[in-house]
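# Residue-level structural notes
So the chains spell out like this:
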Amino acid sequence: MSMRYDQERKRIICRWEEPTRIVMNKKEGFINRSRMITVKVNDNGKLNSKDTRRHKKHPLFPQITRFNKMLNKIDCLPGQCTGHKCAICGSEEGVSPSFDVKTQSVIWRCRVHLANSPKVDA
């Protein structure tokens, strides 16, 4: 699972993969199907009520709500997340907050490193 806040679209994007059974030529197999939920964040930092009603029964929605609370706690309201550096390369261009599953915290990544996890300094 990966989760990030898209500052341009003002949306929290949550992606995950789930195994899906397929049958082809009478042979059965499984593929990893990529799934996604996007939830709009209002200018005051709250999740859009229409998206909340639509996704509130989904098992990953509590994680989305938790990530939004973390963003509000560090004063990252829409349009105010500036001055941060990428956790991997140190770039300040196109950096957006992401949820790190391993550390359960907010990290900043540039567009190039959205799929990478940050390097831990030993």
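Residues numbered from 1 in each chain as written. Predicted model: local features only at pLDDT ≥ 70, side-chain atom pairs only at ≥ 80, totals over all residues. Heavy atoms only, no water.

## Looking at the pattern of salt bridges
Heads up, the condition is: The term salt bridge refers to a pairing of a side-chain nitrogen on Lys or Arg with a carboxyl oxygen on Asp or Glu at a separation within 4 Å. To qualify as a helix, a DSSP run of H or I must reach at least 4 residues; to qualify as a strand, a run of E must reach at least 2; elements of each kind are numbered from the N terminus. Burial here depends on accessible area, computed with a 1.4 Å probe over protein chains only, as a share of the maximum for the residue type. Under 20% is buried, over 50% is exposed, and the range in between is partly exposed.
As enumerated under the stated definition, the model contains six salt bridges in all. Across the pair Arg35 and Glu18 runs a salt bridge whose closest N-O atoms are separated by 3.1 Å. One end of the pair, Arg35, is in strand E3 (residues 27-40); the other, Glu18, is in strand E2 (residues 11-24), with 17 residues separating them in the sequence. Here Asp51 makes a salt bridge to Arg54, at a shortest N to O gap of 3.2 Å. On the criterion of helical spacing, the pair formed by Asp51 and Arg54 is a turn pair, its members being three residues apart in helix H1 (residues 49-55). Classification of Arg54 by relative accessible area gives exposed; the value is 52%. The network of salt bridges with common partners includes Arg11, Asp51 and Arg54.

## Section: the confidence of the model for the chain
Parts of the model with low pLDDT should not have their predicted coordinates read in detail. Cut-off, in case you're wondering: pLDDT is a per-residue confidence score from the predictor, ranging from 0 to 100. Two residues qualify as a contact provided that any one of their heavy atoms is within 4.5 Å of a heavy atom in the partner residue.
Of all residues in the chain, 89% attain a pLDDT of 70 or more, and the chain-wide mean is 85. Confidence over residues 118-122 falls short of pLDDT 50; this stretch has five contacts with residues more than four positions distant or in other chains.

## Side note on the sheet that holds strand E1 (residues 2-6)
Adjacent strands of a sheet form backbone hydrogen bonds with each other and so pair up, either parallel or antiparallel. Worth spelling out the cut-off: Any two strands between which DSSP finds at least two bridges are classified as paired. Note on geometry: axes are C-alpha line fits, over the in-contact stretch for helices, and angles between N-to-C directions span 0 to 180 degrees.
Overall, antiparallel pairing links the five strands, which are arranged E3-E2-E1-E4-E5 in an open sheet. A single partner strand is all that each edge strand has here, and the edge strands are E3 and strand E5 (105-109). Direction aside, the axes of adjacent strands within the sheet are offset by 30 degrees on average. Taken together, the five bridges between strand E4 (residues 96-100) and E5 define a ladder with antiparallel strand orientation. Paired with Phe99 across the strands is Val106, a residue of E5.

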